[in-house]
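Remarks on the overall topology
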Amino acid sequence: MSDWWQVGRIEDIPPGSVARVEADDVPMAVVNLGGELYALTNLCTHMDAELHEGELDPEGELECPAHGARFDVRTGEALTPPAFETLETYPVQVADGLVYVRPDPDD
């Protein structure tokens, strides 16, 4: 797992929650959507608000706490204005109860 960064334990990110993590100086939001983990850039593409402070709905939409833009946590796609740019997403895996992300998905 040389390209993977340990960012927490699975029990610290229960279903329905969003955790702020950092890997290789990249701020990320790790989302637990019904037991599936997703990692995406933690900053809104509209005005750099921290998305981990937003609301996650059961359908997988994360709402920016600043101006209400919504993003699909599975794809990073901006779903509503004022954001139009897609968020970067990152691979996530769990091993032995630990959560790992890969900040450079091309590695």
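As shown above, the structure is provided for reference.
Bear in mind the structure is a predicted one, so any value in this text is a computation, not a measurement. (Residues numbered from 1 in each chain as written. Predicted model: local features only at pLDDT ≥ 70, side-chain atom pairs only at ≥ 80, totals over all residues. Heavy atoms only, no water.)

**What to know about the overall build of the chain**
This is how the line gets drawn: Numbering of helices and strands starts at the N terminus; helices are DSSP runs of H or I of at least 4 residues and strands are runs of E of at least 2. We compute the radius of gyration from the C-alpha atoms alone; for a globule the expected value is 2.2 Å times N to the 0.38, where N is the number of residues. Whether a residue is buried, partly exposed or exposed follows from its accessible area with a 1.4 Å probe, protein chains only, as a fraction of its type maximum: under 20%, in between, or over 50%, in that order. Residue contacts are defined here by distance: any two heavy atoms, one from each residue, within 4.5 Å place the two residues in contact. Surface accessibility follows the Shrake-Rupley procedure with a 1.4 Å probe radius. Residue values consider only the protein chains on display as shielding. Charged-residue counts in this description rest on Lys and Arg as positive and Asp and Glu as negative, His and the chain ends being excluded. To locate a charge, take atom NZ for lysine, CZ for arginine, CG for aspartate or CD for glutamate.
When helices and strands are tallied, the chain shows zero helices and ten strands. Beginning at the N terminus, the succession of helices and strands in the chain can be written as β-β-β-β-β-β-β-β-β-β. Relative to its length of 107 residues, the chain is compact, with a C-alpha radius of gyration of 13 Å against a globular reference of 13 Å. By principal-axis analysis of the C-alpha atoms, the chain measures approximately 40 × 25 × 20 Å. Considering the chain as a whole, with its 107 residues, one finds that 41% of them fall into the buried category. For the chain, restricting intrachain contacts to residue pairs at least 6 apart in sequence, the fraction spanning at least 24 positions comes to 42%. When the accessible surface of the chain is totalled, it reaches about 5700 Å², and 43% of it is carbon and sulfur. Looking at the chain, you have 5 positive and 23 negative side-chain charges, and the mean spots of the two groups are 4 Å apart.

**Some points on the pairing of strand S3 (residues 26-33)**
Note the following rule: Being paired, for any two strands, means DSSP has found at least two bridges between them.
With six of eight residues buried, S3 is to be regarded as a mostly interior element. Where strand S2 (residues 18-23) folds back onto S3 in an antiparallel hairpin, the turn is made up of two residues, including Asp 24, whose phi is positive at roughly 55°. Hairpin connection of S3 to strand S4 (residues 36-41): two residues between the antiparallel strands, including Gly 34 at a positive phi of 60°.

**Examining the environment of His 52**
Following the sequence through the fold, His 52 ends up in the loop between S4 and strand S5 (55-56). Placed 31 residues apart in sequence, His 52 and Val 21 show a C-alpha to C-alpha distance of 9.3 Å. Discounting chain neighbours no more than four positions away, the residues touching His 52 are Val 18, Ala 19, Arg 20 and Asn 42.

As far as function goes, none of this settles anything; it's purely spatial.
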